[in-house]
Structure formats: structure tokens, C-alpha cells
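Commentary on secondary and tertiary structure
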Amino acid sequence: MTKYVYDFAEGSRDLADLLGGKGANLAEMARMGLPVPPGFTVTTEACRVFLATGEAPAQLNQEIAAHLATLEQAAGRRLGQVDHPLLLSVRSGARFSMPGMMETILDIGLNDYSVLGLAGSPERERFAWDSYRRLVQMFGSTVMGVDSALFEEALARLRKEHRAADDTQLDTADLIRLVETYKDLIQERTGEAFPEQPAEQLRRAVLAVFTSWNGERARIYRRREHIPDDLGTAVTIQTMVFGNLGADSGSGVAFTRDPATGRPGIYGDYLPNAQGEDVVAGIRNALPLQDLARLDPASFARLRDTMQKLEAHYRDLCDIEFTIERGTLWMLQTRVGKRTAQAAFSIASQLTDEGLISAREALDRVDGRALARLMFPRFDTSAAGDVIAHGIAASPGAAVGEAVFDSAEAVRRAAEGRQVVLVRQETAPDDLPGMVAAQAVLTSRGGKTSHAAVVARGMGKVCVCGAEDIVVDPRQRCFVAEGVTVPEGVVISVDGSEGVVRLGAVPLIDSEVMRYFDSGGELPDENAAPTVREVHRLMEQADAARRLEVRANADTPEDAARARRFGAQGIGLCRTEHMFLGDRRTLVEAMILAHDDVGRAAALAALLPLQRQDFTGILEAMDSLPVTIRLLDPPLHEFLPDRTELSVRLARDEALGRAPEPRDAELLAAVTRMHEENPMLGLRGVRLGLVVPGLVAMQVRAVAEAVVARRRAGGDPRAEIMVPLVDTVEELHLVKEEVERVLSEVSRETGVTVDCPVGTMIELPRAALTAGKIARDAEFFSFGTNDLTQTTWGFSRDDVEAAFFSAYLDKGIFEASPFETIDREGVGRLVEIAVREGRAARPDLKIGVCGEHGGDPESVHFFHDVGLDYVSCSPFRIPVARLEAGRAALASVAADERRAS
Ligand code: PEP
Ligand code: MG
């Protein structure tokens, strides 16, 4: 039979899935012999039964009663007995901490009789009635569903009557009256009396905690934190101890190290004569924990000793809650504490030095997200101005600039050397130039996976999106926030790590960690900031541990050089499309408009030296490392003028009786001819190369000639040619023949043998499913997980992110956007199949990934697990990918060891 209730003595921290974090850690502390008020925990499994069926498991009440009986026997008193009653707290506690999101009910067991027993003596009367008042209030709102505001109002009325500044000034008679008022309120609102039977109180409190798993706050929190909805919460039932029994009692919270900086020492707050809830609620000002040393030296010494034991046992920063009842210390909770990015690196280093954890474990105590946070400049918050808007912290960092309301204005002001923040309702691909020009992007709509967020993260730009409390008016060129109108040109400060916007220029502090990476990641000297030294140390660990190589997505020599300083081991994706924009667009137009081979050849010939120059620069910056150059991918019409604009221009000329530019008519005809309803699934990638004569040859020749130029200059160029968007091996085969023809042509002409590996992207489901065949013609694969995600799910990113992604995230259809973190079971399965079948056909097939996911911490672990050779990501993500690749390698070693033991 399933066991639904565990005594503290039966549990341990390994049972957190079943007992929740709180229950498991209380059990662990009890096993360690620390002073924990006795109790037991109802499992998450019981909660799951309740959530699925609407009823608690049949034997749950019996089990609870049996554990209660044991508890009562040990305590020598009974729940709610009239004389010196045993009272209980009933608390939620899920596998993952969800602070304040679910319910707690204290003082279970009090009723009109036991309240007198709790008082016992006249000096405790007030305390007893205050406890009873708290129970009726919590039970009434949490269990019986009465609006908690009604209780607050009744309390406020009473305070006003007595001109009492706070509750402590209400006397026993007032509290007795208040209990009556509360009970009347419950009767009136629910038609039911407050239950006086302690067992009934306990039974209903447990169900109320189960129910609170699906409360609105809890659901929203889970969505944001990616906590699965089906885990359920455990319920911990524990003997009450009281911190509000006078000056020799109190409650506090504490950390074994400073969670902000990681510095060793005891940090926390203490509130004399108060219950734990009062500390958290911040009703009265707490004292620094150090003051306890003066107030109650014996308890302080015991607490310090307990905290040392906990840290040694958990081998990590612990976060605790405690109560002192009449000079006796009781531990109410502990867990491994949350910390800032800086503290994470610092604590990992310290614990290694202290011999508490191994170097390998240290790597497990930090992650890529924390590292990314350390790489951005931050605001000096001591000098921060007023917050005018809150939004989603979509891309971390801090930036200051003049608010501008469209892309063109952003570009114009940036060209004048001014710093700008692009403020939009939401962004679209058209806003790209403005986003590039801006220091930060602020939008009033869209979530973490909106266009603005994804693009900003890719570029390493600061972004706050979905700031719903601002109204953006691009026509009036202003936005309104908190009743303040912010017109164009006014300076604002955007904090992408916190998701807040401030008026004015908040001073910035540069990131030392970024400077460290940008200067090549050399061993820092003793003068370097501690954080830099800690990061360096862990990066060395990660590099030593990882199996995955890390390459960069880069398509300029500057980006390539930066990527190399950041530790890139080559370029995994050099997109060639940007090389067709700007001044070169007219040459591309000429190529498309050419009437015959001669005209086309002339246009291509004019593009050739420019492309050669691009590639030479990149190969030089990445000398002796692989550079994967991808042939042109997007549909050609992307390089032509807009169809509507052209039509308007021609219509206007006609209306004015002016002769239209002959080129305009020609362009319009070409644009119309090439118009596609869904260009994402149109003439793209390899298809383009196969139908536009000479295009592949020109690009390959440019690569080959660049290789020759670099060799002649004494370099060691390692170009690789990658064919995009292949569906079938026949496409690849045809292109490959062309590539080989041009390579041998250039070799012959120059006398330098040019031998570039030719591979393909796997970014369509059909390619993944026929990878075994494709591998026969491909020397390497690179997963284009951006397109593979679009085509597997059947949605195009630009269309769907703004349209319904936030609804999908809210409904729990996605835990994270599949564009951010690889969808393991769908897209990931295709990747697995392609890896397996590709390697079966060609055992030495080199396989990487170059979609956005290559720099996403969670996805890096997946790519390690499926056996890829490398991940490729934007230069700024390279340190993150290196760190996560190291962590992934260690995690799989640990998993193997677990399996073996
Ligand atoms: C991809 O599809 O994942 C990819 C890298 O190509 P692009 O994003 O350029 O389409
Ligand atoms: Mg692609």
C-alpha cells in the first residue's frame, strides 16, 4: 500500500520529490540531531491524488491520525486538549521553492476551550487570544474562502477605535471581541461556523494547502520559473513553537554567507517577541542578526554552531528560519539558499578552498545564466533615479540612452554619435537597423521570446519587453509611464537584468568579467577583482572537462576576432547574406534583373572581389581554425526594394504625368515575379543556388580565392563550405559537383591546391529523416535548429512569437519557447535520428549545431548528450557555452557513476 505520511525520522533530504524541499530538509535536520519541533509530512503523491480526483486518498486521514497519535504520545499532550494543548502548524512545501505562493495555517488546535489552556496564566492571556485570532483569520480566509480584506478591515476598525498604532496595543478584551467578530464574519459569509474540532481543523487545513497548489499566484509563479504543473505540494505538520512569548523569545531568518556577495559570515534578521510570519511580512523593523549576540548570547552561540553544522553538512550556502521560545532555539526550515551571480562564483571558489567541495562540484554550483549576468555592465543602484516602468527582464545588462520611437530615428541619432533606446510597442524585422543602432530596446508588449527579446539577446543588447504599464505612442513620439509623458530625446536607463526602466541617466559600472574575456581570458593577476579570478578558475575547469568544441556564429572579421578572444575554436556559421546588402544591393539587383548570361556574369563578376575580400578578412582573423562559410540562404527578393513602395512610386509618376524611371518598372516586374506568399518556405537556401545560375560558383570562387590569398600570405586558412536548407541528397549532390568543379578550377589557375570540406545544414525534417543518405555526400552536418524548430512545429517565428507565444506559455503548452531552448522530444528527436543515421553512414562525420540553441545553457547539455562535436553561437555567448559544455560533461560522468553504483 502506498505510504502517504512520513514522520521526520523517516525522511531525508534525498526524498525532496516526495516530501517537498521543506519536509525533506526538516527530516534531514532531525536526523542530524538539530533542534526541530517534532512533526510529519504528507507526501506530494497524496496531493497529486487530490488534484487528479478532487479527493484525498482514502487512507490519508487514518495515516495522519496514526502519526498524530505518535506525536501526542511523545509530547505527552494532545492536540487541542484543554490544559496546555498541543498546537500544530500546517505548511506547504513543494519540490522547488515557491516562496509565499502557497498557504500556511498556524495554531491548529485552538478553540474556545484550548485557548484558555494555552493561556494558563494571566500574563499569557493576551498571547493566547492573539494566537486564536490569527488562527480564525488564517483559517477563515485560506480554508473557508472568506476575503482576507474583510478580516483586515475589522482589525483596522478596532485599532482605530482604540487609536492603536499596531496590533500589540490591543489588549486581551479587544482580541476576544475580535475573535467573535471574525467568527460572525465567517458564519455570515459562508453560512457555516468556524470548526472548533481540532481534528476537523487539521483535515481541512491539509486539503486547503493541496488546493493552494493551483491558486493563481502559484500557477503564475510556476510558469515564470518553469516548474512543472503536475508535481503537487507536500504538507508539513509540525508542533508549534512560539517566538511571541516575550522578550526571551523571537524569530529570525539567516544565511550562512552573504547571498549578495558570497562573503563568509552570518547574515540575517531577528525580530524579538515575534512569530516567523512577522519577520517575513516586514510589519516591524527587524534587527540585524548580530544583535542577538547581545540579547541572548547562549541562543546566538547555539545558532552559530547549528549554522556551521548545516553548512558543513549541505556543503553549500544555507538559508534558515528559526524561532527562539523562552531561550530555547528551534530550527523551522533550511534549504540551499538562492544567491546572486557574483555570490555563486565566489561561494563555489571558497568552498573548494575550504575543502568542502571538489573542483568538479564547484562547476556544478555555477551556470551559464549567472556567467552571462556577470558579463553585462550594471547600474550603480546607489545613484539610481525613479523607476517609471516594470517589464520582463528579457536580455540582461544596463543601458542609457535617449528614447526614440522608430528604427530610422534610432539610426539617425546613433550616426550622430548619440546613445539611444528604441521604444516600441513591439518590434518586427523592419526594426533591425534601429535595434543594431540602439543601446537597448524597450517594448510594451511581448514576452521573453518576442522578436525584441530574441534578437536583443542574440546581439547582446539590453532588452526589457512587455512593460505593460507604459503606453507607447509612435505618432506623438512619446510614451506615458506612471502618468509621466516621456517625449523623444529624453534620457532613460534600462536595466535588462532587473526588468526596470528609470528616468534619467543612472551611472554605469563596467563589467570586469567582460573585460577579462575581451582581453583574451589570460590568467588574472592578484590585483584583478576577486570575481574575475573566480570566473577564470571555473572557466579553466570547464575547458578541461568539456568534450564539445565551441565555435562562433560570426560574419565579419571584427566579430571573428572577438569570438576568438572569447575562446571560440572556429566559426561554425558565417552567414553570407549581409554581404549582399548596403552598397552592394545594386549589384544584386543587376544580377536579378540581368536579361542574359552575359549581364548576369558581369554582375556576379562585380560581386566576386567584394566577397573574396570578406572571406579573406575572416579567414585571417580565424587563421588555423575552421571557418564554415554558408552559401546564400534567404530568398532573393529580400535584396530587392519593397513591392508596395515601388508600386506607389510608379502610380505617383503616372498620376503626375511623369515618365517613370525605367528601372522602377523593371524592378517592379522582377519583385512581382519573385513574390512569395510564404518566403520562409519558398525559394531559399540550396534551392536558390540551384536555380540562379552562377551564384554558387561565384561564392565558392570567392572562398577559394580567399584561401589562396591567405596561403600566399603565409596563413593557414581552413575554410569549409556549407550548403543550407537541403531536403534531399540530390540537391546536395548537384551543388557539391559545382563546388568541386570550381575548387579544382581555382586550384588549377593558381597552382595552389584548395581543398575545402563540403557539408550541409540539417534544418528540415526531411533532411533529418534521410540523414543516412545525405551523409554520403556531406563531410559534416550542422543543425540549423532555428529552421528545424520552425519546420518541425510548422510555425514561422516572426509570425507566431508575438501572436500567441505568451498565451501558450501561460497555458503551459510550452515550458520555455522552443526557439530559446531546444524542444527535446520533437526537434531533439530529429536531431538524434540524424546523428545516429549520419554517423552510421559516415563514422567520421563531424556534427555541430549553429542555431540559437547553440548558446542556450539547457540546450548545450542536450547537444552534449546526443554526441555532437561542437556548438556554435554568437560571440557573446561563447563563454556561456564553454562553461555549460564543461558542466554537461561532468553531469554525464556523474550520471554514469550513479548508474554503475
Ligand atoms: C538555423 O536555421 O538554425 C540557422 C542557423 O540558419 P538561419 O538562422 O540563418 O536560418
Ligand atoms: Mg536556417
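Because the structure is predicted, anything quoted here is derived from the model rather than measured. (Residues numbered from 1 in each chain as written. Chains lettered and ligands numbered in written order. Predicted model: local features only at pLDDT ≥ 70, side-chain atom pairs only at ≥ 80, totals over all residues. Heavy atoms only, no water.)

1. Re the overall build of the protein
Going by this rule: Note on conventions: DSSP H or I runs of at least 4 residues are helices, E runs of at least 2 residues are strands, and numbering of each starts at the N terminus. Think of it in three bands: with a 1.4 Å probe and only protein chains considered, a residue is buried below 20% of the maximum accessible area for its type, exposed above 50%, and partly exposed in between. Contacts are assigned to residue pairs with any non-hydrogen atoms lying within 4.5 Å of each other. Throughout, the Shrake-Rupley method with a 1.4 Å probe supplies accessible areas, and for residues the shown protein chains are the sole cover considered. The charge count includes Lys and Arg as positive and Asp and Glu as negative, but it does not include His or the ends of the chains. A charged residue contributes its charge at one atom only: NZ of Lys, CZ of Arg, CG of Asp or CD of Glu.
Summing up its helical and strand segments, the protein has 35 helices and 31 strands in all. Expressed as lengths along the three principal axes of its C-alpha atoms, the size of the protein is roughly 105 × 70 × 60 Å. Every one of the 901 residues in the protein was classed for burial, and the buried ones make up 54%. In the protein, the proportion of contacts linking residues at least 24 apart, taken out of those at least 6 apart, comes to 67%. Per element, the accessible surface of the protein, about 38,400 Å² overall, is 50% carbon and sulfur. Between the centroid of the 102 positive side chains of the protein and the centroid of its 135 negative side chains there is a distance of 2 Å.

2. Notes on the site of ligand 1
This is how the line gets drawn: Near, as used in this document, describes a residue that has one of its heavy atoms within 4 Å of the molecule or strand being considered. Residue polarity is assigned by list, with Asp, Glu, Lys and Arg as charged and Ala, Val, Leu, Ile, Met, Phe, Trp, Tyr, Cys and Pro as nonpolar; anything else, Gly included, falls into the polar class.
Ligand 1 sits among 13 residues. The nearest are Arg575, Arg630, Glu763, Gly784 and Asn786. Bound to the protein, ligand 1 loses 89% of the 290 Å² it would expose on its own. Those elements that provide at least two residues to the shell around ligand 1 are strand 25 (571-575) and helix 31 (785-793). If one sorts the elements of the shell around ligand 1 by residue count, helix 31 sits on top with three residues. Residue composition of the shell around ligand 1, grouped by class: three nonpolar, four polar and six charged.

3. Some words on the coordination of the magnesium ion (ligand 2)
Applied cut-off: Note that water is not among the atoms used; donors are N, O and S atoms within 2.8 Å of the metal (3.2 Å for Na, K and Ca), so sites may look incomplete.
Looking at the magnesium ion (ligand 2), one finds its protein donor set to be Glu763 (OE) and Asp787 (OD), positioned 2.0 to 2.1 Å from the metal centre. Here aspartate 787 lies in helix 31 and glutamate 763 lies in the loop between strand 28 (758-762) and helix 29 (765-769), a separation of 24 residues in the sequence. With respect to burial, glutamate 763 and aspartate 787 carry one shared label: buried.

4. Topic: the sheet that holds strand 28
Applicable threshold: At least two DSSP bridges between two strands are needed for those strands to be called paired. Interaxial angle, 0 to 180 degrees, is taken between N-to-C directions of lines fitted to C-alpha atoms, where a helix line uses only the stretch in contact.
Read around the closed barrel, eight strands run 24-25-26-27-28-29-30-31, paired in parallel fashion. Averaged over all adjacent pairs, the angle separating strand axes in this sheet is 30°, with direction ignored. With five bridges joining them, strand 26 (residues 626-630) and strand 27 (residues 718-723) adopt parallel strand pairing. By the bridge assignment, proline 626 is partnered in strand 27 with arginine 718.

5. Focus: the pattern of salt bridges
What counts, and what does not: A pairing counts as a salt bridge when a side-chain nitrogen of Lys or Arg comes within 4 Å of a carboxyl oxygen of Asp or Glu.
A full pass over the atoms with the stated rule returns 66 salt bridges. Measuring nitrogen to oxygen at the nearest pair gives 2.9 Å for the salt bridge that ties aspartate 543 to arginine 546. Residue class for aspartate 543 comes out partly exposed when judged on its relative accessible area of 29%. Between aspartate 777 and lysine 736 there is a salt bridge, and its shortest N-O distance comes to 4.0 Å. A residue pair is termed long-range when its members are at least 10 positions apart, and aspartate 777 in the loop between helix 30 (771-774) and strand 29 (780-783) and lysine 736 in helix 28 (residues 729-750) qualify at 41 residues. Look at the salt bridges and you will find they share partners, linking Glu402, Asp406, Glu409, Arg412, Arg413, Glu416, Arg418, Arg477 and Glu488 into a network.

6. A word on a nonpolar patch on the surface
Definition in use: The patches described consist of residues with a relative accessible area above 30% and no salt bridge, like charges being joined within 9 Å and nonpolar side chains (Val, Leu, Ile, Met, Phe, Trp, Tyr) within 5 Å.
Taken together, the side chains of Leu690, Val691 and Leu734 make up a nonpolar region of the molecular surface, amounting to roughly 260 Å² of accessible area. Inspection of the secondary structure puts leucine 734 in helix 28.

7. Examining the packing of helix 27 (residues 695-712) against helix 28
Each pair of packed helices gets described by two things: the angle between the helix axes and the distance between those axes. Note the following rule: The scheme is simple: roughly parallel for angles under 35 degrees, roughly antiparallel for over 145, roughly perpendicular for 65 to 115, oblique for anything else. Two helices that cross are described as forming a left-handed crossing if the nearer one is turned anticlockwise from the farther one by less than a right angle, and a right-handed crossing if clockwise.
Contact pair helix 27 / helix 28: the axes reach a minimum separation of 9 Å and the direction vectors enclose 40°. When the axes of helix 27 and helix 28 are compared, the pair comes out oblique. The element helix 27 and its partner helix 28 pack so that their crossing is right-handed. Judged by residue contacts, Val696, Ala697, Val700, Arg701, Ala704, Glu705, Val708 and Arg712 of helix 27 engage Val735, Glu738, Val739, Arg741, Val742, Leu743, Glu745, Val746, Glu749 and Thr750 from helix 28.

8. With respect to unusual backbone geometry
We note that histidine 84 has phi near 50°; this positive angle belongs to a residue other than glycine. By secondary structure assignment, the location of histidine 84 is in the loop between helix 3 (60-75) and strand 3 (88-94).

9. Remarks on empty space enclosed by the protein
The cut-off we apply is this: Cavities and pockets were defined on a 1 Å grid built over protein atoms only: a cavity is a set of grid points that admits a 1.4 Å probe from which the probe cannot escape, a pocket is an open set flanked by protein on both sides within 12 Å along at least five of seven lines, and lining residues are those with an atom within 4 Å of any such point. Grid points are joined across faces, edges and corners, and a volume is the space filled by probe spheres set on the points. Boundary definitions for the domains trace back to an automatic or database domain assignment.
For the structure on display, the rule yields two cavities of 30 Å³ or more. Roughly 90 Å³ of volume is contained in the largest cavity. Around the largest cavity, the lining residues are Ser89, Arg91, Leu106, Gln238, Thr239, Met240, Val241, Gln275, Gly276, Glu277, Thr323 and Leu332. Going through the elements one at a time, strand 3, strand 5 (233-239) and helix 10 (276-281) are the ones with two or more residues in the lining of the largest cavity. Broken down by class, the residue content of the lining of the largest cavity amounts to four nonpolar, six polar and two charged. Each of domain 1 (71-239) and domain 2 (250-339) contributes no fewer than three residues to the lining of the largest cavity. When its volume is computed, the second largest cavity comes out at roughly 60 Å³. Only helix 26 (685-691) and helix 27 provide two or more residues apiece to the lining of the second largest cavity. For the lining of the second largest cavity, the per-class residue count stands at seven nonpolar, three polar and no charged.

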